[in-house]
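Understanding the architecture of this molecule
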Amino acid sequence: MLIETVMNGFDRKKTLILERELDFSNAIGAAVVEKPRISFWMILIPILFLYFLYRMQTYKEGRLKFDQEFMAARRRAMEVAVEAVKTGGGPDIDRAVRQSEVAVSIEKPYACWVRVLTEHYMDLLSATGDSFESLVRSAYCSRTNYLLALNRLSTVEKEFYDAMKPQLSSTEGAAEIITTIETKSQHLRRKFAEQIFV
């Protein structure tokens, strides 16, 4: 019974962390994927409204795809973190890298990013609390410590994105999207830290 209670608490922590990551993904997606706007002319000219509906559907599909892609690495890192915390061993970063099927040229910065993300998740999974905010306060104790962890995560994330840029050079707008993701991520992480450590 005690083991079951501990596991339920552990699963609850995992859910809280992934829910916060999904909120983070949604906020980044809102900054990256432009939402179509309705105009006065759409009311007057019905064919324009049909075009708006088509664009809105495309937007929704784009946001869903963005969230799935954005969360894929985070879910892999979480599985590695869960296994490491449960077994008391080190995280199997190589497994997460193999599952991602990233290009050989970016494996090293990707692995570095996944390692830092996994360690962050391990800190949160090992903390006590019944909300994401209480897990962060328990794991990091102060805004400064939390910001240092987030800055470390932002740094390796940036190195990974920088390594990806040559791979995406033929994709129109890729550099701007990466810059938006980096800028929005830093802003949101700082905002979360300020909210958690008032």
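You'll find the structure just up there.
In this numbering scheme, every chain counts its residues from 1 along its sequence in written order. With pLDDT at 70 or above as the cut-off, local features in this predicted model cover only qualifying residues; side-chain atom pairs require 80 or more to be listed or tallied, and sums for whole chains, interfaces and linings still use all residues. To obtain the side-chain values, all non-hydrogen atoms of the structure were included, while hydrogens and water were left out.

**Description of the overall build of the protein chain**
Helix and strand definitions here come from DSSP, where helices need a minimum of 4 consecutive H or I residues and strands a minimum of 2 consecutive E residues; each element is numbered from the N-terminal end. When you go through the protein chain residue by residue, the secondary structure sums to 8 helices and 0 strands. Going from the N terminus to the C terminus, the protein chain shows its helices and strands as α-α-α-α-α-α-α-α. When contacts within the protein chain are restricted to residue pairs at least 6 apart in sequence, those whose partners lie at least 24 apart make up 72%. The contact criterion used throughout is that any non-hydrogen atoms of two residues lie within 4.5 Å.

**Concerning the packing of aromatic side chains**
Aromatic pairs are defined between Phe, Tyr and Trp rings, using the six-membered ring for Trp, whenever the two ring centres lie within 6.5 Å; interplanar angles under 30 degrees are classed as stacked, those over 60 as edge-to-face, and all others as tilted. Tallied over the full model, the rule gives 8 aromatic pairs. Centre to centre, the rings of Tyr146 and Phe197 are 6.1 Å apart; their planes meet at 50 degrees, and the pair counts as tilted. Residue Tyr146 is located in helix α7 (residues 143-164), and its partner Phe197 is located in the segment after α8 (174-196); the two are separated by 51 residues in the primary sequence. Exposure class is identical for Tyr146 and Phe197. Each is buried. Among the aromatic residues, those joined into a ring-pair cluster are Tyr110, Trp113, Phe160 and Tyr161. A ring has a charge above it when a Lys NZ or an Arg CZ is no more than 6 Å from the ring centre and no more than 35 degrees off the ring normal. In this structure, Arg20 is placed above the aromatic ring of Phe192, and the distance from its NZ or CZ to the ring centre is 4.6 Å. The ring of Phe70 is capped by Arg74, whose NZ or CZ atom sits 3.8 Å from the centre of that ring. Partly exposed residues are those whose accessible area sits between 20% and 50% of the maximum for their type, while under 20% is buried and over 50% is exposed, using a 1.4 Å probe and protein chains only.

**Description of helix α4 (residues 93-100)**
Those residues of α4 that sit buried are Ile93, Arg95, Ala96, Val97 and Ser100. Phi turns positive, to about 55 degrees, at Glu101, one or two residues after α4.

**What about the side chain of Lys13?**
Considering the arrangement of structural elements, one finds Lys13 in helix α1 (residues 2-32). Side-chain polar atoms of Lys13 contact the backbone oxygen of Ala127, separated by 2.6 Å. In the analysis that follows, any N or O atom pair within 3.5 Å is treated as a polar contact, provided that within protein one partner can donate a hydrogen and the other can accept it, and provided that, for residues neighboring in sequence, both atoms belong to side chains.

**Structural notes on the environment of Ser134**
For Ser134, the position within the fold is in helix α6 (residues 132-140). Put simply, Ser134 and Ile196 are 62 residues apart on the chain and 8.2 Å apart in space, counted from C-alpha to C-alpha. In contact with Ser134, other than residues within four places in its own chain, are Thr128 and Gly129.

**Remarks on helix α5 (residues 107-126)**
Each residue after the first adds 1.5 Å to the expected span of a helix. Compared with the 28 Å implied by 1.5 Å per residue over 20 residues, the 28 Å span of α5 between its first and last C-alpha is a close match. Buried within α5 are the following residues: Pro109, Tyr110, Trp113, Val114, Val116, Leu117, Thr118, His120, Tyr121, Met122, Leu124 and Leu125.

**Considering the nonpolar core**
Counting 51 residues, the largest nonpolar core has Ile17, Trp113, Val136 and Tyr146 as its most contacted members. For this core, the secondary-structure elements that each account for two or more residues are α1, α3 (46-87), α4, α5, α6, α7 and α8. Setting aside residues up to four positions removed in sequence, Trp113 forms contacts with Ala73, Arg74, Leu153, Val156, Glu157 and Phe160. What is meant by a nonpolar core is a set of buried Ala, Val, Leu, Ile, Met, Phe, Trp, Tyr and Cys residues, joined one to another through side-chain atoms within 4.5 Å.

**A short note on the layout of surface pockets**
Two kinds of site are reported from a 1 Å grid over the protein atoms alone, namely cavities, where a 1.4 Å probe fits but cannot get out, and pockets, open sets with protein on both sides within 12 Å along at least five of seven lines, and residues are called lining when an atom falls within 4 Å of a point. Grid points are joined across faces, edges and corners, and a volume is the space filled by probe spheres set on the points. In this structure, the largest pocket encloses a volume near 670 Å³. If you go around the largest pocket, you meet 24 residues; those closest to its centre are Glu69, Phe160, Tyr161, Met164 and Leu168. Those elements giving two or more residues to the lining of the largest pocket turn out to be α3, α5, α7 and α8. Broken down by element, the lining of the largest pocket gets its largest block of residues, 7 residues, from α3. Residue type decides the class: Asp, Glu, Lys and Arg count as charged, Ala, Val, Leu, Ile, Met, Phe, Trp, Tyr, Cys and Pro as nonpolar, and the leftover types, Gly among them, as polar. When its residues are assigned to classes, the lining of the largest pocket shows 17 nonpolar, 3 polar and 4 charged. Residue lining of the second largest pocket: 10 residues in total, with Val33, Glu34, Thr58, Tyr59 and Gly62 positioned closest to the centre. A class-by-class count of the residues in the lining of the second largest pocket yields 4 nonpolar, 2 polar and 4 charged.

**A closer look at empty space enclosed by the protein**
Applying the stated criterion to the full structure yields 2 cavities of 30 Å³ or more. If you go around the largest cavity, the residues you meet are Ile17, Arg20, Glu21, Phe24, His120, Leu124, Phe132, Tyr146, Leu150, Leu153, Arg189 and Phe192. Elements that contribute at least two residues to the lining of the largest cavity include exactly α1, α5, α7 and α8. It is α1 that contributes the most residues to the lining of the largest cavity, 4 residues altogether. Looking at the lining of the largest cavity residue by residue, the class counts come to 8 nonpolar, 1 polar and 3 charged. If you trace the second largest cavity, you find it lined by Ser154, Glu157, Lys158, Tyr161, Glu182, Ser185, Gln186 and Arg189. Taken together, the residues of the lining of the second largest cavity break down into 1 nonpolar, 3 polar and 4 charged.

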